[in-house]
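# Structure at a glance
Residue-level listing of the chains:
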Amino acid sequence: MLRVIAVLVVFALVTLPLMPVQWLAVALKRPLRRRIPVLYHRFVCRLLGVRVRCTGAPVADRPLLIVANHSSWLDISIITACAPVVFVAKAEIARWPFFGLLAKLQRSVFVERDRRQKTGEVNAAIARRLAEGDPVLLFGEGTAGDGNRVMPFRTALIGAARDAIASAGHVSQVWIQPLSIAYVSQQGIPLGRHLRPRAAWYGKMKLVEHIGAIVRSGAVDVSVTWGEPIAYDGATDRKALARQLESAVRNSTVAALRGDPAAA
């Protein structure tokens with residue numbers, strides 16, 4: 001209990017003063033709006049005891065769309081600690097108390113998953129972020145899984161890459177890079193199939209309860225693997241591209257979960 005209280009106090013002391021600074025940086029479109037989230041989420045990972053092992057790096061070329069697997073709220077801090085990304089998130093997150101505000105301050109693009117007619121508007125918003133030079137990250141599965149497997153990737157939002165090309169006359173291609181996240185151990189103990197939900201947050205799990213469990217236990221080891229970027233010029237079949245990205249993420253995730261040295 002003492003650890004939970006200490007973590008909450010330190011979290012509040014850092015988060016609350018930073019929020020108006022980030023709001024101002026976003027409002028004025030200062031470069032700091034990208035730097036603050038990276039530093040902040042590195043702090044969050046350290047505070048929670050999340051240890052990130054990165055293989056590879058995001059490609060330097062722009063525009064860049066990153067497609068990753070998804071199994072926990074921790075993914076947000078882990079990914080942002082590695083790169084200054086803008087997330088594509090489900091619209092209900094924008095309405096969450098406090099966490100929705102944090103997502104907005106990171107300039108997330110919110111998706112109404114049940115309103116297909118909104119896909120064009122969402123793609124246009126993503127295209128604007130890409131055109132401004134922001135790496136945009138979307139979770140290819142469209143939902144969080146249990147961390148033991150990678151589910152099929154959806155194709156609709158990959159259309160944002162095509163829209164980015166259409167909306168910017170000087171852009172002839174968009175780079176799309178696969179990203180794998182695997183929760184491999186906790187307290188030095190490998191997370192097998194039955195233990196991985198300790199880190200994964202999915203289904204009907206209670207968010208606050210899961211956060212509390214992570215705060216109490218900590219010491220989570222995560223393997224993050226950046227795959228080879230793919231040049232997309234708008235002519236590539238989206239379904240074929242989604243399958244290629246899904247395969248790359250699945251192979252990296254399986255290798256990390258098995259402790260393959262090649263993935264380390």
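Residues numbered from 1 in each chain as written. Predicted model: local features only at pLDDT ≥ 70, side-chain atom pairs only at ≥ 80, totals over all residues. Heavy atoms only, no water.

Within the secondary structure, R33 sits in helix 2 (residues 32-48). It is D134 that comes nearest to the buried, bridge-free R33 among opposite-charge side chains, at 4.7 Å. The residues contacting R33, other than those within four sequence positions of it, are Q22, A25, V26 and R107. (Helix = DSSP H or I, 4+ residues; strand = E, 2+ residues; numbered from the N terminus. Buried < 20%, exposed > 50% of the residue type's maximum accessible area, 1.4 Å probe, protein only. Lys, Arg positive; Asp, Glu negative; His and termini not counted. Salt bridge = Lys/Arg side-chain N within 4 Å of Asp/Glu carboxyl O. Contact = heavy atoms within 4.5 Å.)

A word on the packing of helix 1 (residues 2-27) against helix 2. The interhelical angle for the contact between helix 1 and helix 2, taken along N-to-C directions, is 175°, at an axis separation of 10 Å. Taken together, the axes of helix 1 and helix 2 are roughly antiparallel relative to one another. On the side of helix 1, the interface is formed by R3, V7, V10, F11, V14, T15, L18, V21, Q22, A25 and V26, while helix 2 contributes L32, R33, I36, P37, Y40, F43, V44, L47 and L48. (Axes fitted to C-alpha atoms, helices over the stretch in contact; angles between N-to-C directions. Parallel < 35°, antiparallel > 145°, perpendicular 65-115°, else oblique.)

Most of strand 3 (residues 86-90) sits out of view: four of its five residues are buried. Judged from the two bridges that link them, strand 3 and strand 5 (residues 136-139) form a sheet pairing that is parallel. Note that in strand 5 the partner of V86 across the bridge is V136. Alignment of strand 3 against strand 4 (residues 109-111), held across three bridges, turns out to be parallel. Pairing of A89 across the sheet is with F110, part of strand 4. Where the polypeptide runs from strand 3 across helix 4 (residues 99-105) and back to strand 4, its parallel neighbour, the crossover connection is right-handed. (Pairing = 2+ DSSP bridges. Right-handed = clockwise from strand over helix to strand, strands pointing away.)

Bringing the environment of L137 into the picture now. Mapped onto the fold, L137 is located in strand 5. The spacing of L137 and L32 is 105 residues in sequence and 19 Å in space, taken between C-alpha atoms. Not counting chain neighbours up to four residues away, the residues in contact with L137 comprise I66, A68, I79, V85, V86, F87, V88 and L179.

Inspection of the secondary structure puts P152 in the loop between strand 5 and helix 6 (159-167). Residue class for P152 comes out exposed when judged on its relative accessible area of 56%. Spatially, the C-alpha atoms of P152 and G142 are 9.0 Å apart, while their sequence positions differ by ten residues. Once residues within four sequence positions are removed from consideration, P152 is found in contact with G140, E141 and E246.

Here the structure, examined in full by the defined rule, presents four salt bridges. Of the charged contacts, one joins R107 and D134 as a salt bridge, the two residues approaching to 2.9 Å between their closest N and O atoms. With a gap of 27 residues between them, R107 in the loop between helix 4 and strand 4 and D134 in the loop between helix 5 (119-131) and strand 5 connect regions that are remote in the sequence. With relative accessibility at 9%, the residue R107 sits in the buried group. What makes D134 buried here is its relative accessible area of 0%. E246 is paired through a salt bridge with R250; the nearest N and O atoms lie 2.8 Å apart. Of this pair, E246 and R250 both sit in helix 8 (residues 238-257), separated by four residues, roughly a single helical turn. You can call R250 partly exposed: its relative accessible area is 28%. Among the ionic contacts, a cluster of salt bridges with common partners joins R34, R107 and D134.

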